[in-house]
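Summary of structural features
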Amino acid sequence: MSTLRCVLLLGLCPAVCGLLQTLYCAWSQRCDCDFKPNVRDLEWDLYKNVYGQHLAQDIVSEEVAWFLQNKSPDRPLVLSFHGSSGTGKSLVSSMLGNHLYGSAMSSPYVHQFVPTLHFPSPQHVDEYKEQLKSWVKGNLTECARSVFIFDEMEKMPPGLVDVLEPFLGPSHVVFLTNYRKAIYVFIGTTGEEVINRRMVENRQAGREREEIDLAELQDAVAHTLYTTNTSGFFQSSIVKQKLVTSFVPFLPLSRRHVEQCVRSQLSQRGSCGRTDVVEAVGGDMTYAPAPGQYFSTTGCKAVAAKINLFL
Ligand SMILES: Nc1ncnc2c1ncn2[C@@H]1O[C@H](COP(=O)(O)OP(=O)(O)O)[C@@H](O)[C@H]1O
Ligand SMILES: [Mg+2]
């Protein structure tokens, strides 16, 4: 609906205008809210500012580009991020929001759920199910191009996200609501053991990081999710029916990557030249497993705090 007409109508009757706009958007599917995707910027940001995550970089940029190319996708984009703490999962999810919406992560169409905050009591799971379902529905009616980010999936009450199942597949376009244009991002640490173990084996076999077998890793992660009762996807129909477009493994970071994180954060703070701090922070992290010490146990998570210590 043209802004002018809307403004005119708005003066007369805001309720009518709101309803007309909703109807118009639903029928024409031309109103894309605050949706201003810039896939090139997203790719640039991913490849420049995320270290050691070639799989996440490739999968996220390819899936998003592919999904947005299609003006009428037949199902939503569903990504599930897995890996240890501090490896960049939240960082990548915020890059998505930042490059898809005019007002970046503060866009009203980027919805973030944190179970400890939004779904704190497991005994209220039935209530939460109703709330989550109607919340997602309501938001998609308002804006089909919405992003839903579910963080800390391992703390999600079991069965809760299964209410999303009807929205994640190739659903029909229901009156007033198109469920197929949404993007869902699930984030959790489940799968970290298998990802990290494969990476250690890969390293011990003398292979490059980039030689890790993605398909095998994704299958192992999916299997772990389905069989772990604290994964948020325990025996979930979402996994069983293969409604996740892609599982995205986040790899453990080595000292080289930690030091890249330090350099990047130092330069943001105007202290580029402090190679002594880079060395000190890199050396102060804990690396595992005991023989080898290949990977930082906290990824880049403690970097900011340690910079304060050594700067
Ligand atoms: N692979 C990475 N590349 C660049 N920075 C990273 C990476 N992983 C983590 N960081 C930085 O470390 C901090 C924690 O990362 P975060 O994305 O919150 O980790 P996660 O969500 O996987 O636990 C952030 O400041 C983030 O920018
Ligand atoms: Mg996180």
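For the structure itself, consult the block above.
Note that the structure is predicted; figures quoted are calculated from it, not measured.

Turning to the pairing of strand S1 (residues 77–82), a few remarks are in order. In terms of residue burial, S1 counts as a mostly covered element, since six of its six residues are buried. By the alternation rule, side chains of S1 split into Leu 77, Leu 79 and Phe 81 and Val 78, Ser 80 and His 82, which are all buried. Across six bridges, S1 lies against strand S4 (residues 183–188) in parallel orientation. Within S4, the position partnered with Phe 81 by the bridge is Ile 187.

As a further point, take the sheet that holds S4. The strand order S2-S3-S4-S1-S5 describes an open sheet built from five strands, whose pairing is parallel. Of all the strands in the sheet, just strand S2 (110–113) and strand S5 (246–249) have a single pairing partner and so form its edges. Here the average twist between neighbouring strands, direction ignored, is 15°. Lying over the sheet, helix H4 (residues 54–69) contacts S1 and S5, oriented at roughly 150° with respect to S5.

What follows is about the environment of Glu 201. On the secondary structure map, Glu 201 appears in helix H9 (residues 192–204). When the C-alpha positions of Glu 201 and Ile 212 are compared, they lie 9.6 Å apart, and in sequence the two are eleven residues distant.

Moving on to the packing of helix H3 (residues 39–49) against helix H5 (residues 89–100). The N-to-C vectors of H3 and H5 enclose an angle of 155°; their axes lie 9 Å apart at closest approach. It follows from the interaxial angle that H3 and H5 lie roughly antiparallel. The hand of the H3/H5 crossing is right-handed. Of H5, the residues touching H3 (which contributes Asp 41, Leu 42, Asp 45 and Leu 46) are Val 92, Met 95 and His 99.

As a further point, take the nonpolar core. Core analysis: the largest hydrophobic core is formed by 74 residues, its most contacted members being Val 147, Phe 150, Val 185, Val 248 and Val 262. Split by domain, this core shows at least three residues from each of two domains, domain 2 (39–249) and domain 3 (255–310). Filtering out sequence-adjacent residues up to four positions away, Phe 150 remains in contact with Phe 113, Met 156, Val 161, Phe 186 and Ile 187.

A separate point is the site of ligand 1. Not every one of the 17 residues close to ligand 1 is listed here, only the nearest: Gly 88, Lys 89, Ser 90, Leu 91 and Cys 300. It is H5 that provides the largest number of residues to the shell around ligand 1, a total of three residues. Looking at side-chain class alone, the shell around ligand 1 contains seven nonpolar, eight polar and two charged residues. Here the shell around ligand 1 spans two domains, and each of domain 2 (39–249) and domain 3 (255–310) adds at least three residues to it.

Cut-offs and rules
- Residues numbered from 1 in each chain as written.
- Chains lettered and ligands numbered in written order.
- Predicted model: local features only at pLDDT ≥ 70, side-chain atom pairs only at ≥ 80, totals over all residues.
- Buried ≥ 20, exposed ≤ 12 C-beta atoms within 10 Å, placed from the backbone.
- Helix = DSSP H or I, 4+ residues; strand = E, 2+ residues; numbered from the N terminus.
- Pairing = 2+ DSSP bridges.
- Axes fitted to C-alpha atoms, helices over the stretch in contact; angles between N-to-C directions.
- Contact = placed C-beta atoms within 7 Å.
- Parallel < 35°, antiparallel > 145°, perpendicular 65-115°, else oblique.
- Left-handed = near helix turned anticlockwise from the far one by under 90°.
- Core = buried A, V, L, I, M, F, W, Y, C linked by C-beta atoms within 7 Å.
- Domains from an automatic or database assignment.
- Near = placed C-beta within 6 Å.
- Nonpolar A, V, L, I, M, F, W, Y, C, P; charged D, E, K, R; others polar.

All quantities given are derived from atomic positions and should not be read as evidence of function.
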